[in-house]
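Residues per chain, in single letters:
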Amino acid sequence: MSRRAFAGGVAGAAAAVGVGAGEAVAAPFERPFERPVERPTERPFAARERHDGKAGRRPNILFVLGDDLGWADLSSYGSPHIRTPHLDRLARQGVRFTQAYSGSATCSPTRFSLYTGRFPGRTRGGLAEPIADKSVGLEPTHPTLASLLRDAGYATALIGKWHCGYLPDYSPTRSGWDEFFGNFGGALEYYSKLGLGGEYDLYEGDATHKDLRYYTRILTERASDYVRREHDRPWLLNLNFTTPHWPWIADGDTEASAEVVRRIKAGDRGALQHRDGGSIAKYTEMVQDLDRSIGHVLHALKKSGQERDTLVFFASDNGGERFSYNWPLSGNKGSLREGGIRVPTILRWPARLDGGQVSELPVYTPDWTATLLELAGARPDPARPLDGTSLARYLLRGTEPGERDLFWRVRGERALRRGPWKYYRGKGGADQLFHLGRDEREQADLARREPALLAELRTAWERTDAGLLPYPTA
């Protein structure tokens, strides 16, 4: 598919899904808007009342991840310069979560927490932050969201970034996905598909697939084709974009692509990190392209007649990086500060959830695994209990989970959230305590004022940590 054909298709999609006059879809190379974005009125989340007594059919699941997308990089989350009309419309049709978190602060541990429903530290592969070589991965014997749904009668596919281990030992097709099309590593150059070590990294199943078009275009096309298929059973599609992860190469940036490729082939191991490239304008272009791409897939879903019975989930795999807009949060990718783990999160399911709603319930990645399994009628493996809490009763009946802790651990940092309180210890080694309801920027340390509560939350963190695998020593 050419860039021109893709842009034309997206423009048609925008018209079909009803983007309003005040939400013009940016052209492929349009530069950022500089005016503030007006957000529509939202109401607090309330479960829909059902009067027919029917449970309804099991949903298809379209689970979309952006890569290193920051907390406020969507216009519906407050970005003053990035326009994301398709994701904004998805939020208006569903539920926008304002206290949603990733399972970890980097790519592969969060994916472990999603695919297993457990803390990354439960498995050896989850200790890598992130996976960078072939020594570890998601063990094929471990139950996953995909394998459990497949056993419950779902078709399963993963399109895009895997980042849970490399061939020959690790692969989505060994962990429950019927189909895989995408890349194994944590990053790749968008045109050449060269990875961090200079390897070619685009696969269909376990075989390389040659396609030198812009990667986001390819994933969008594949995902659109998947949702348009005639399916004879419910399906799970994990759609994992690499956008807007570095290198900072947008569609059409062939000169920048060629320079990065030249450096990779010359042996520059840091070429993909593109530390001498990028800008806020380039990042904006990539995020707006991600939005258009998701709009294209959502249009294909609508045209397929499956929109009503498909649960669409969108989030980022962790906090944003160099050019992200995280205000008012502090920290970014790699940190357990709010900016490193709080992520934009949107859920739409027309058959069961009303739109125009916002939820302030604290939730994180392992919860969604438990939720999707319950909604799909699949049972977790009792030998490997989930760490997440199912939100099915919250979504369908309005029943909030009881008080619970959200737990995170990365090398050198720890964090635990209970209600509005957050216990945090950074690499400096000092315990800190924040009340996120009053101080979401984490600037007012209340550790001395609330020593008993600090001790209680620290003990809770250490109790959970004691059940996890230790980090390997260097």
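You'll find the structure just up there.
These numbers come from a predicted model, not from an experiment.

Undergrad: I'm lost on the overall build of the protein in this one. Help?
TA: From N to C terminus, the protein includes 11 helices and 17 strands. Compactness check: the protein gives a C-alpha radius of gyration of 21 Å against a globular reference of 23 Å for 474 residues, within 12% of the reference. Along the longest, intermediate and shortest principal axes, the C-alpha atoms of the protein span 60 × 60 × 50 Å. Sorting the 474 residues of the protein into buried and exposed places 60% on the buried side. Within the protein, residue pairs in contact and separated by at least 24 positions form 71% of the contacts whose partners lie at least 6 positions apart. With an accessible surface of roughly 18600 Å², the protein has 49% of that area assigned to carbon and sulfur atoms. Each charge class in the protein was averaged separately, 66 positive and 61 negative side chains, and the resulting centres sit 1 Å apart.

Undergrad: Before we go on, may I ask you to explain the pairing of strand 15 (residues 413-418) in this structure?
TA: Looking down a regular strand, the side chains alternate between one sheet face and the other. The buried fraction of strand 15 is high, at 6 of 6 residues. Looking at chain direction, strand 14 (residues 405-410) and strand 15 are connected through 6 bridges and run antiparallel. When the sheet's bridge partners are listed, Arg409 is paired in strand 15 with Arg414. Where strand 14 folds back onto strand 15 in an antiparallel hairpin, the turn is made up of 2 residues, including Gly412, whose phi is positive at roughly 85 degrees. Where strand 15 and strand 16 (residues 421-425) come together, 5 bridges link them in antiparallel fashion. Across the sheet, residue Ala415 finds its bridge partner in strand 16, namely Tyr424. Connecting strand 15 to the antiparallel partner strand 16 that follows it, the hairpin turn spans 2 residues, and Gly419 within it adopts a positive phi of roughly 60 degrees.

Undergrad: What is the right way to read the environment of Tyr471 from this model?
TA: In this fold, Tyr471 is placed in the segment after helix 11 (451-465). Assessed through its relative accessible area of 19%, Tyr471 is described here as buried. As a C-alpha pair, Tyr471 and Arg411 span 60 residues in sequence and 7.8 Å in three-dimensional space. Setting aside chain neighbours within four positions, we find Tyr471 in contact with Leu127, Glu129, Arg409, Val410 and Arg411. Of note is the side chain of Tyr471, whose polar atom sits 2.5 Å from the side chain of Glu129. Separated by 3.3 Å, the side chain of Tyr471 and the backbone oxygen of Arg409 make a polar contact.

Undergrad: What is the right way to read the sheet that holds strand 16 from this model?
TA: Strand pairs in the sheet, formed through backbone hydrogen bonds, run parallel or antiparallel to each other. Ordered in space as 14-15-16-17, the 4 strands form an open sheet in which the pairing is antiparallel. Bordering the open sheet on either side are strand 14 and strand 17 (431-435), each of which pairs with just one other strand. Each strand of the sheet is rotated relative to its neighbour by a mean of 15 degrees, with strand direction disregarded. Together, strand 14, strand 15, strand 16 and strand 17 form the strand contacts of helix 11, whose direction differs from that of strand 15 by roughly 115 degrees.

Undergrad: Explain the sheet that holds strand 10 (residues 310-316) here, please?
TA: The mixed open sheet is built from 11 strands, whose spatial order is 1-12-3-11-10-2-9-5-6-7-8. A single partner strand is all that each edge strand has here, and the edge strands are strand 1 (43-44) and strand 8 (207-208). In this structure, strand 7 (residues 203-204) lies alongside strand 8, joined through 2 bridges in antiparallel fashion. Note on strand 8: the bridge partner recorded for Tyr203 is Thr208.

Undergrad: Before we go on, may I ask you to explain helix 6 (residues 254-265) in this structure?
TA: The α-helix advances 3.6 residues per turn, and as a result positions three or four apart in sequence lie on the same side. Its 12 residues place the ends of helix 6 16 Å apart at the C-alpha level, agreeing with the 16 Å of an ideal helix rising 1.5 Å per residue. All buried positions along helix 6 are accounted for by Ser257, Val260, Val261, Arg263 and Ile264. When helix 6 is viewed along its axis, its buried side chains cluster within an angular range of 160 degrees and face the same direction. Those residues of helix 6 that are exposed and aimed more than 90 degrees away from the buried face are Glu255 and Lys265. Gly267, located one to two residues past helix 6, shows a positive phi value of around 95 degrees.

Undergrad: Just checking my understanding: could you explain the environment of Ser175 for this structure?
TA: Relative to the helices and strands, Ser175 resides in the loop between strand 5 (155-161) and strand 6 (179-183). A relative accessible area of 2% means that Ser175 is categorised as buried. Taking the C-alpha atoms as reference points, Ser175 and Leu65, separated by 110 residues in sequence, lie 19 Å from one another. Once residues within four sequence positions are removed from consideration, Ser175 is found in contact with Leu138, Glu139, Pro140, Thr144, Ala146, Ser147 and Trp162.

Undergrad: Even after reading the chapter, I still don't get the packing of helix 3 (residues 107-116) against helix 9 (residues 365-375), so can you show me in this structure?
TA: The packing of two helices is summarised by the inter-axis angle and the distance between the axes. The contact between helix 3 and helix 9 brings their axes to 7 Å, and the two run at 25 degrees. When the axis of helix 3 is compared with that of helix 9, the two are roughly parallel. Here the hand of the crossing between helix 3 and helix 9 comes out right-handed. Here helix 3 contributes Thr110, Ser113, Leu114 and Thr116 to the contact with helix 9, which in turn contributes Thr365, Pro366 and Thr369.

Procedures and definitions
Residues numbered from 1 in each chain as written. Predicted model: local features only at pLDDT ≥ 70, side-chain atom pairs only at ≥ 80, totals over all residues. Heavy atoms only, no water. Helix = DSSP H or I, 4+ residues; strand = E, 2+ residues; numbered from the N terminus. Rg over C-alpha atoms; globule rule 2.2 N^0.38 Å. Buried < 20%, exposed > 50% of the residue type's maximum accessible area, 1.4 Å probe, protein only. Contact = heavy atoms within 4.5 Å. Areas by Shrake-Rupley, 256 points an atom, 1.4 Å probe, with all protein chains shown as cover. Lys, Arg positive; Asp, Glu negative; His and termini not counted. Charge placed at Lys NZ, Arg CZ, Asp CG, Glu CD. Pairing = 2+ DSSP bridges. Polar contact = N/O pair within 3.5 Å; in protein donor to acceptor, adjacent residues only side chain to side chain. Axes fitted to C-alpha atoms, helices over the stretch in contact; angles between N-to-C directions. Expected span 1.5 Å × (residues − 1). Arc of directions from axis to C-beta. Parallel < 35°, antiparallel > 145°, perpendicular 65-115°, else oblique. Left-handed = near helix turned anticlockwise from the far one by under 90°.

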